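# Topology and contacts: notes
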Amino acid sequence: MQPLLIPEKLRIAREKLGITKVEAARRMSIPQSSYVRYENGERKPTHATIIQMAQVLGTSEDYLIGKSEDDSADTVLVNKNDDPVLYEIMSGAKNLEEKQLKRLLAYYKGLANLEK
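Residues numbered from 1 in each chain as written. Predicted model: local features only at pLDDT ≥ 70, side-chain atom pairs only at ≥ 80, totals over all residues. Heavy atoms only, no water.

## Considerations on the nonpolar core
For soluble globular proteins, nonpolar side chains are generally found buried alongside one another. Note the cut-off: Residues grouped as a nonpolar core are buried Ala, Val, Leu, Ile, Met, Phe, Trp, Tyr and Cys residues, joined through side-chain atoms within 4.5 Å. Note on exposure labels: buried denotes an accessible area under 20% of the residue type's maximum, exposed denotes more than 50%, and partly exposed covers the range between, all computed with a 1.4 Å probe on protein chains only. Runs of E in the DSSP output that reach at least two residues are strands. Runs of H or I that reach at least four are helices, and both are numbered from the N terminus. We call two residues in contact whenever any of their non-hydrogen atoms come within 4.5 Å of each other.
In this structure, L5, L10, M28, Y35, M53 and L64 are the most contacted members of the largest nonpolar core, which totals 17 residues. The element that contributes the greatest number of residues to this core is helix α4 (residues 47-57), accounting for four residues. Excluding residues within four positions of it along the chain, M53 makes contact with L5, L10, M28, Y38, P45 and L64.

Here's what the structure looks like:
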């Protein structure tokens, strides 16, 4: 059975980003009229569309369908053209062993604390 989107959660996730319905539709590469109908509960998106919505809005599929109240993202997309440095880091990290990944994470956390 296909999961059902909760329109109110879609609206909340969009507003949390501070974007308009027009901008949300643009980022999702769907017509504005379709997005508005999803957010108003007049149209049911496919499972693939719900996943795309979650990725674009920085939340999780489970949040959008009401399985979770945690609105934090469970995936992160990194586009090579938009952020080549981060893309290279992520691509290279896929080949690291767990010990190396833990060192990389510790290094990142150290850097993040230095910036504050």
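## Let's talk about the environment of Q32
As for its placement among the helices and strands, Q32 is situated in helix α3 (residues 32-39). Taking the relative accessible area as the measure of exposure, Q32 reaches 40% and is therefore partly exposed. Through-space distance from the C-alpha of Q32 to that of Y63 is 22 Å; in sequence the pair is 31 residues apart. Filtering out sequence-adjacent residues up to four positions away, Q32 remains in contact with V22 and A25.

## Some details on α3
What counts, and what does not: This arc is built from the directions going out from the helix axis to the C-beta atoms.
Those residues of α3 that fall on the buried side of the exposure criterion are S34, Y35, Y38 and E39. Projection of α3 onto a plane perpendicular to its axis shows the buried side chains occupying an angular sector of 130°, all on one side.

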